[in-house]
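Chain residues, written in single-letter form:
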Amino acid sequence: MKKAIVGITLIFTSIISIASTQKDKVPTVVKDAFSKKFPTVKRVNWQKEEVNEWEAEFKLKKKEYSANFLDDGTWQETEYEVDENEIPEHIISSVKASFSGYKIEEAEVSETVHGINYEFEIEKGKSEMAITIDSNGKIIHKESEDDDERD
């Protein structure tokens with residue numbers, strides 16, 4: 001009985017080991033595109049974001065970054081957190097004017113081929129929202145976190 005259990009355990013461990021080494025291997029073209037865009041970054045954590053998209057998580061200039069690339073190496077987006085004092089004044093003014101009384105909990109910069117957007121998580125009492133503002137200060141997306149909880 002012990003031999004059977006040990007044998008089954010070894011087979012199971014081997015199957016998992018083989019599956020994990022073959023599972024979701026980052027294509028060379030994606031790694032090359034990343035290295036070209038971020039030549040100074042040495043440590044990267046890769047994960048499959050979607051069926052044909054990869055996300056790299058890394059540190060750059062002492063900040064946490066993520067960058068997304070398609071399977072063919074096409075860069076899609078880079079995101080990183082920023083402090084409120086790093087955000088242009090006209091963006092902060094837009095948030096304050098449109099969402100009076102809300103406090104910025106988190107702020108990120110999102111860079112794409114279409115430009116730069118600022119993504120915020122804001123809070124007022126128990127009300128929470130996620131908003132996106134373009135580089136001109138225009139609100140391009142808003143979503144109440146309360147809406148998510150009702151779904």
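The following refers to the structure shown.

Definitions and limits used
- Residues numbered from 1 in each chain as written.
- Predicted model: local features only at pLDDT ≥ 70, side-chain atom pairs only at ≥ 80, totals over all residues.
- Heavy atoms only, no water.
- Patch = residues over 30% accessible without salt bridge, like charges linked within 9 Å, V, L, I, M, F, W, Y side chains within 5 Å.
- Areas by Shrake-Rupley, 256 points an atom, 1.4 Å probe, with all protein chains shown as cover.
- Salt bridge = Lys/Arg side-chain N within 4 Å of Asp/Glu carboxyl O.
- Lys, Arg positive; Asp, Glu negative; His and termini not counted.
- Charge placed at Lys NZ, Arg CZ, Asp CG, Glu CD.
- Helix = DSSP H or I, 4+ residues; strand = E, 2+ residues; numbered from the N terminus.
- Buried < 20%, exposed > 50% of the residue type's maximum accessible area, 1.4 Å probe, protein only.
- Core = buried A, V, L, I, M, F, W, Y, C linked by side-chain atoms within 4.5 Å.
- Contact = heavy atoms within 4.5 Å.
- Phe/Tyr/Trp six-rings, centres within 6.5 Å; stacked < 30°, edge-to-face > 60°.
- Lys NZ or Arg CZ within 6 Å of the ring centre and 35° of its normal.
- Arc of directions from axis to C-beta.

Turning to a negative patch on the surface, a few remarks are in order. Side chains of E81, D83, E105, E106, E121 and E128 sit close together on the surface and give a patch of like negative charge. Note that E106 resides in strand β5 (residues 103–112). Given the relative accessible area of 37%, E106 is considered partly exposed.

Judged by nonpolar contacts, the single largest core of 30 residues is most densely connected at F38, F58, F69, I87, F120, I122 and I131. Elements with a contribution of two residues or more to this core: α2 (28–37), β2 (53–60), β3 (63–70), β4 (75–81), α3 (89–98), β5, β6 (115–124) and β7 (127–134). Looking at which element gives the most residues to this core, the answer is β2, with four residues. When near neighbours in sequence (up to four residues on either side) are disregarded, F58 contacts F34, F38, V41, R43, K63, E64, Y65, S66 and A67.

The next subject is the pattern of salt bridges. Counting across every chain of the model gives three salt bridges. Among the ionic pairs, D71 bridges to K48, the shortest N-O distance being 3.3 Å. Taken together, the residues span a long stretch of sequence, with D71 in the loop between β3 and β4 and K48 in strand β1 (residues 45–50) at a distance of 23 residues. Taking the relative accessible area as the measure of exposure, D71 reaches 30% and is therefore partly exposed. On the basis of relative accessibility, which here comes to 29%, the residue K48 falls in the partly exposed class. Across the salt bridge formed by K59 and E64, the nearest N and O atoms sit 3.7 Å from each other. Judged on exposure class, the residue K59 and its partner E64 are both exposed.

Moving on to the packing of aromatic side chains. Within the structure shown, the criterion is met by nine aromatic pairs. An angle of 35° between the planes, with centres 5.1 Å apart, marks the rings of F34 and F38 as tilted. Ring geometry for F99 against Y102: centres 6.0 Å apart, planes inclined by 85°, an arrangement best described as edge-to-face. A cation over an aromatic ring shows up here: K37 above the ring of W75, its NZ or CZ 4.1 Å from the ring centre.

What follows deals with α2. All of the buried residues in α2 are V30, A33 and F34. The buried side chains of α2 occupy one side of the element, clustering within an arc of 100° when seen end-on. Residues of α2 that are exposed and point more than 90 degrees away from the buried face comprise T28 and K36. In this structure, the buried residues of α2 make contact with β1, β2 and β3.

Turn by turn, an α-helix covers 3.6 residues, leaving residues three or four places apart pointing in a common direction. Of all the residues in α3, the buried ones are I91, I92, S94 and V95. For α3, the angular spread of buried residues about the axis comes to 155°, placing them on one side. Exposed positions of α3 whose direction lies more than 90 degrees from the buried face are E89, K96 and A97. Buried residues in α3 make contact with β5, β6, β7 and β8 (139–144).

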